[in-house]
Amino acid sequence: MPTLLERFFSTIILTVVAGFFWIIWDVITALVFYSTTLLLLHTYHLSNLIALEVWLKSLAHGTANLPNSSGAWGGIFSLLARLVRNQDQNQEQLNSALERLRRATAAMPEGIVILDEENRIEWSNKMAEQHFGINFSQDAYQQVTYLVRQPQFANYLLTRNYSEPLVMEQSRHHGLLLSLQLVPYGDKQKLLISHDVTRLREMEVMRQDFVANVSHELRTPLTVIYGFLEIFSEEDEIDSKMYKQAVVLMTEQANRMKGLLEDLLTLSQLENVRNQVHEEIIDMVDLLKEIYQETESIDSGRHHINSELNTDIKLLGSKSELRSVFSNLITNAIKYTPDEGTVTLKWEILGDGRGVFSVQDNGIGISSEHIPRLAERFYRVDLSRSRATGGTGLGLAIVKHALNRHQAELKIVSEIGKGSCFSAQFPSRRLIK
Ligand code: ADP
């Protein structure tokens, strides 16, 4: 960096030489020399100023070539060129940081809308476009309340109390429930964050239904038991026949509650993701023979039960969980097939390599509208029939969960009055020769 003295060096030299001329010649010669040199200096500065102006203009068009200059101007030009280079680098870094931020915001699972101080849309990401049914390229700088028209949203915007999110149904997108949160920032700007909570609401409704169903299922047997206990406490002497009948009925209801609690416990264990499947190699032929014998003895000849074990391929999975799956399907087939009906168990390998355990019956069958809902908890086609046969309405839910844990599928084919076929289809990677 030149010092102040260096900057004025040429002027000082010039003045000294002019003074020298004055001393040895005369004042006129000195003045002519002084003004000519000053004129030359002025021309030098002027031409460099013009070069600077041209350079600055060409910088704006991105075609800048650094002017060729020496002396003081040369130093200034290279200093300016360094500043411009640094600024370009900073700009590039800023652009790439902005681009990364834009891409990250665009990929966020939440909808993001930036609102200006007048609540106009300055920017929105793709998810916000989906949530609010807007198109940023067309709707930019529109009032957000023109696009999100629900009155509760307008109120929320006006209250200026954004500590709690607003949960509301999106009118342009039926069935979509959004949680909206406004976050003020910067100079009166706002960030509108939208979150799809439809699934959360469904789960909440399912939880409430579940609690209501369990209470209802437990209340019925409890009412019966409580009724008899009341009679016993009021009557001094109870007829022994009536007493025995009451005990039989109470035991029946107590068993029903026990069955329900056991099924609920099984279901909650299956649903708990922390409970890993305890895998072992299951000899399907042995297991199905066992279940077949148990079923035969419980059924005591009321149905024709056949078993077709077409392969001795083994299955990798949890024996206790799959035993409960197979038993549930067989018990259902017997429950929903009138006496003298036929129930056939089959274990086979399909052409595409899947292993299939199926139970075919020629019982009452199920009409098609019920089939997609059968594995829902407490869903029954005929409530009184299910109760009469000791059903809890949880059997197929248990089957479905246990099969899910084995990456297997439950398939149901049924025709009312003709019978049903329930099959558990296992992927080939679970089969062991
Ligand atoms: P449940 O304890 O009532 O049997 P499930 O979950 O095992 O409960 O079955 C749900 C419903 O599916 C039953 O109530 C019944 O209506 C129907 N269902 C299941 N298996 C059969 C079958 N083999 N034939 C006809 N209906 C069946």
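Residues numbered from 1 in each chain as written. Predicted model: local features only at pLDDT ≥ 70, side-chain atom pairs only at ≥ 80, totals over all residues. Heavy atoms only, no water.

**Description of the pairing of strand S8 (residues 314-317)**
Thought 1: Residues Leu315 and Gly317 point to one face of S8 and are all buried, whereas Lys314 and Leu316, pointing to the other face, are not buried.
Thought 2: Note that S8 and strand S13 (residues 431-432) share two bridges and pair antiparallel. Counted as the bridge partner of Leu315 is Leu431 from S13. (Buried < 20%, exposed > 50% of the residue type's maximum accessible area, 1.4 Å probe, protein only. Helix = DSSP H or I, 4+ residues; strand = E, 2+ residues; numbered from the N terminus. Pairing = 2+ DSSP bridges.)

**Comments concerning the pattern of salt bridges**
Thought 1: Within this structure, the stated rule accounts for 23 salt bridges.
Thought 2: Across the salt bridge formed by Asp116 and Arg120, the nearest N and O atoms sit 2.9 Å from each other.
Thought 3: For Asp116, a relative accessible area of 6% corresponds to the buried category.
Thought 4: For Arg120, a relative accessible area of 33% corresponds to the partly exposed category.
Thought 5: One salt bridge in this structure joins Glu217 and Arg256, with 3.9 Å as the shortest N-O distance. Residue Glu217 is located in helix H9 (residues 198-234), and its partner Arg256 is located in helix H10 (residues 240-271); the two are separated by 39 residues in the primary sequence. Residue Glu217 shares its accessibility class with Arg256, and that shared class is buried.
Thought 6: Residues joined by salt bridges that share partners form a network here, namely Glu99, Arg102 and Arg103. (Salt bridge = Lys/Arg side-chain N within 4 Å of Asp/Glu carboxyl O.)

**Quick look at a negative patch on the surface**
Thought 1: A cluster of acidic residues, Glu230, Glu234, Glu235, Asp236 and Glu237, forms a negative patch on the protein surface.
Thought 2: Looking at the secondary structure, you find Asp236 in the loop between H9 and H10. (Patch = residues over 30% accessible without salt bridge, like charges linked within 9 Å, V, L, I, M, F, W, Y side chains within 5 Å. Areas by Shrake-Rupley, 256 points an atom, 1.4 Å probe, with all protein chains shown as cover. Lys, Arg positive; Asp, Glu negative; His and termini not counted. Charge placed at Lys NZ, Arg CZ, Asp CG, Glu CD.)

**A few points about the packing of helix H12 (residues 319-335) against helix H14 (residues 395-405)**
Thought 1: At a closest axis distance of 9 Å, the pairing of H12 and H14 adopts a crossing angle of 145 degrees. The hand of the H12/H14 crossing is left-handed. On H14, the residues touching Glu321, Leu322, Ser324, Val325, Asn328, Leu329 and Asn332 of H12 are Gly395, Leu396, Ile398, Val399, Ala402, Leu403 and Arg405.
Thought 2: A class-by-class count of the residues in the contact of H12 with H14 yields eight nonpolar, four polar and two charged. (Axes fitted to C-alpha atoms, helices over the stretch in contact; angles between N-to-C directions. Left-handed = near helix turned anticlockwise from the far one by under 90°. Contact = heavy atoms within 4.5 Å. Nonpolar A, V, L, I, M, F, W, Y, C, P; charged D, E, K, R; others polar.)

**Quick word on the sheet that holds S8**
Thought 1: Pairing in this open sheet of three strands is antiparallel, and the strands run S6-S8-S13 from one edge to the other. Only two strands of the sheet have a single neighbouring strand rather than two, namely strand S6 (280-282) and S13.
Thought 2: Here S6 runs beside S8; their pairing, made up of three bridges, is antiparallel. Bridge pairing in S8 links Glu280 to Gly317.

**A short note on the domain arrangement of the protein chain**
Thought 1: Here the domain parsing of the protein chain yields domain 1 (4-102), domain 2 (109-196), domain 3 (201-271) and domain 4 (280-432).
Thought 2: Computed over C-alpha atoms, the centres of domain 1 and domain 2 are 55 Å apart. (Domains from an automatic or database assignment.)

**Concerning the sheet that holds strand S3 (residues 166-169)**
Thought 1: Taken together, five strands build an open sheet; the order of strands is S2-S1-S5-S4-S3 and the sheet is antiparallel. Each having just a single partner strand, strand S2 (121-124) and S3 make up the two edges of the open sheet. The mean inter-strand angle of the sheet, taken between neighbouring strand axes irrespective of direction, is 25 degrees.
Thought 2: With three bridges connecting them, strand S1 (residues 111-115) and S2 associate as antiparallel partners. Paired with Ile114 across the bridge in S2 is Trp123.

**A short note on the packing of helix H2 (residues 9-24) against helix H3 (residues 27-60)**
Thought 1: Running from N to C, H2 and H3 point in directions that differ by 160 degrees, and their axes come no closer than 7 Å. Taken together, the axes of H2 and H3 lie roughly antiparallel to each other. Crossing hand, H2 versus H3: right-handed. Contacts between H2 and H3 involve Leu14, Thr15, Val17, Ala18, Phe21 and Trp22 from the first element and Val27, Ala30, Phe33, Tyr34, Thr37 and Leu38 from the second. (Parallel < 35°, antiparallel > 145°, perpendicular 65-115°, else oblique.)

**Concerning the side chain of Thr105**
Thought 1: Mapped onto the secondary structure, Thr105 falls in helix H4 (residues 71-106).
Thought 2: Of the polar contacts made by the side chain of Thr105, one reaches the backbone oxygen of Leu101; its length is 2.5 Å.
Thought 3: Here Thr105 is in contact with Ile112, Trp123 and Asn125, once residues within four sequence places are set aside. (Polar contact = N/O pair within 3.5 Å; in protein donor to acceptor, adjacent residues only side chain to side chain.)

**Concerning H9**
Thought 1: With 37 residues, H9 extends 53 Å between its outermost C-alpha atoms, agreeing within 8% with the 54 Å of an ideal straight helix rising 1.5 Å per residue.
Thought 2: Those residues of H9 lying buried are Thr198, Val214, Glu217, Pro221, Ile225, Phe228 and Phe232.
Thought 3: Close packing links the buried residues of H9 with strand S4 (177-185), strand S5 (189-196), H10 and helix H13 (383-388). (Expected span 1.5 Å × (residues − 1).)

**Details of the site of the ligand**
Thought 1: In the vicinity of the ligand, 20 residues are found, and the nearest of them are Asn332, Tyr336, Ser386, Gly393 and Leu396.
Thought 2: The separation between an oxygen atom of the ligand and a polar main-chain atom of Gly393 is 2.8 Å.
Thought 3: Protein burial of the ligand: of its 530 Å² of free accessible surface, 98% is covered by the chains.
Thought 4: Secondary-structure elements contributing two or more residues to the shell around the ligand are H12, H14 and strand S12 (419-426).
Thought 5: If one sorts the elements of the shell around the ligand by residue count, H12 sits on top with three residues. (Near = heavy atom within 4 Å.)

**Here's the deal with the packing of aromatic side chains**
Thought 1: If you walk through the whole model with that rule in mind, you get nine aromatic pairs.
Thought 2: A centroid spacing of 6.3 Å and a plane angle of 75 degrees characterise the contact between Trp55 and Phe77, whose relative ring orientation is edge-to-face. Of this pair, Trp55 sits in helix H3 while Phe77 sits in helix H4, placing them 22 residues apart in sequence. By the burial criterion, Trp55 is buried, and Phe77 matches it.
Thought 3: On the basis of an interplanar angle of 70 degrees and a centroid distance of 5.4 Å, the ring pair of Tyr156 and Tyr162 is categorised as edge-to-face. (Phe/Tyr/Trp six-rings, centres within 6.5 Å; stacked < 30°, edge-to-face > 60°.)

**Details of the nonpolar core**
The nonpolar side chains of soluble globular proteins are, as a tendency, buried together.
Thought 1: Membership of the largest hydrophobic core comes to 43 residues, with the highest contact counts inside it found for Phe326, Phe357 and Phe426.
Thought 2: When contributions to this core are tallied by element, the ones reaching two or more residues are H10, helix H11 (284-299), H12, strand S9 (342-349), strand S10 (355-361), H14 and S12.
Thought 3: With seven residues, H12 is the largest single contributor of residues to this core.
Thought 4: Both domain 3 (201-271) and domain 4 (280-432) contribute no fewer than three residues apiece to this core.
Thought 5: Residue contacts for Phe326: discarding those within four places in its chain leaves Met284, Leu287, Leu288, Ile291, Phe357 and Phe426.
Thought 6: By size, the runner-up hydrophobic cluster in this structure holds 20 residues, among which are Ile134, Val148, Leu166 and Leu182. (Core = buried A, V, L, I, M, F, W, Y, C linked by side-chain atoms within 4.5 Å.)

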